[in-house]
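Descriptive structure summary
One letter stands for each residue in the lines below.
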Amino acid sequence: MRDILQERLDELDITKYELTRRVVELRKQDGQDTTISKLSSAVTKALEEPDGRRYSAIAELVEAMDGELLVRWKDYKEVKVQ
């Protein structure tokens, strides 16, 4: 997961700061009041160690990088994760 997130960050040619700014904007759309300085270390940790983070933190990063998470069952049924 770490490599996937870093590759997307590189592909978009954005910094961790810019990604944090995008997460702040997403949270503001949901009515949450936060700042870049409050989220900066959380975003960095999620990028560096995604397996140890909450699902919602990773989902937020993916959304901020214009993506979505999918679940693929063994019978190849694809379901969008909301």
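Predicted model only: the values in this text are computed from it and were never measured. (Residues numbered from 1 in each chain as written. Predicted model: local features only at pLDDT ≥ 70, side-chain atom pairs only at ≥ 80, totals over all residues. Heavy atoms only, no water.)

**Examining helix α3 (residues 36-48)**
What counts, and what does not: Secondary structure elements follow DSSP: runs of H or I no shorter than four residues count as helices, runs of E no shorter than two count as strands, and numbering proceeds from the N terminus. What a helix should span is 1.5 Å times the count of its residues minus one. Classification of residues uses two cut-offs on accessible area relative to the type maximum, computed with a 1.4 Å probe and protein chains only: under 20% is buried, over 50% is exposed, and between them is partly exposed. Within this analysis, the arc is defined by the directions that extend from the helix axis to the C-beta atoms. Residues count as neighbours in contact if any of their non-hydrogen atoms are within 4.5 Å of one another.
In a regular helix each residue adds 1.5 Å, so 13 residues correspond to 18 Å; α3 covers 18 Å between its end C-alpha atoms and thus fits that length. If you check which residues of α3 are buried, you get Leu39, Val43, Ala46 and Leu47. Projected onto a plane normal to the axis of α3, the buried residues spread over an arc of 90° and lie on a single side. On its buried side, α3 packs onto α1 (2-12), α2 (16-29) and α4 (55-64).

**What to know about the side chain of Thr20**
Counted only if it meets this: Contacts described as polar in this section are N or O atom pairs within 3.5 Å, which, within protein, must combine one atom able to donate a hydrogen with one able to accept it, while residues neighboring in sequence count only if both atoms come from side chains.
Considering the arrangement of structural elements, one finds Thr20 in helix α2. At a separation of 2.8 Å, a polar atom in the side chain of Thr20 contacts the main-chain carbonyl oxygen of Lys16. In this view, Thr20 contacts Ile36, Leu39, Ser40 and Val43; residues no more than four positions away in its chain are not counted.

**Points about the environment of Arg53**
Tracing the sequence through the fold places Arg53 in the loop between α3 and α4. Sequence separation between Arg53 and Ala42 is 11 residues, and the spatial gap between their C-alpha atoms is 9.3 Å. Ignoring anything within four residues of it in the chain, the contact list for Arg53 reads Lys45, Ala46 and Ile58.

**What to know about the confidence of the model for the protein**
Where we set the bar: Every residue carries a pLDDT, the predictor's confidence in it, which falls somewhere between 0 and 100.
Per-residue confidence for the protein gives a mean pLDDT of 91, with 95% of residues at or over 70. Within the protein, strand β2 (residues 78-80) has the poorest average pLDDT of any element, 71, and α2 the best, 96.

**Examining the packing of α1 against α3**
Defined as follows: Angular values range over 0 to 180 degrees, each being the angle between N-to-C directions of two axes fitted as lines to C-alpha atoms, with helices fitted over their stretch in contact. When an angle is under 35 degrees it counts as roughly parallel; over 145 it counts as roughly antiparallel; between 65 and 115 it counts as roughly perpendicular; any other value is oblique. We call Asp, Glu, Lys and Arg charged. Ala, Val, Leu, Ile, Met, Phe, Trp, Tyr, Cys and Pro are nonpolar, and the rest, Gly among them, are polar.
In the contact formed by α1 and α3, the axes pass within 8 Å of each other and the chain directions differ by 120°. The angle between α1 and α3 places the two elements in the oblique class. Residues Arg2, Leu5 and Leu9 of α1 form the contact with α3, whose participating residues are Ala46, Leu47 and Glu48. Looking at side-chain class alone, the contact of α1 with α3 contains 4 nonpolar, no polar and 2 charged residues.

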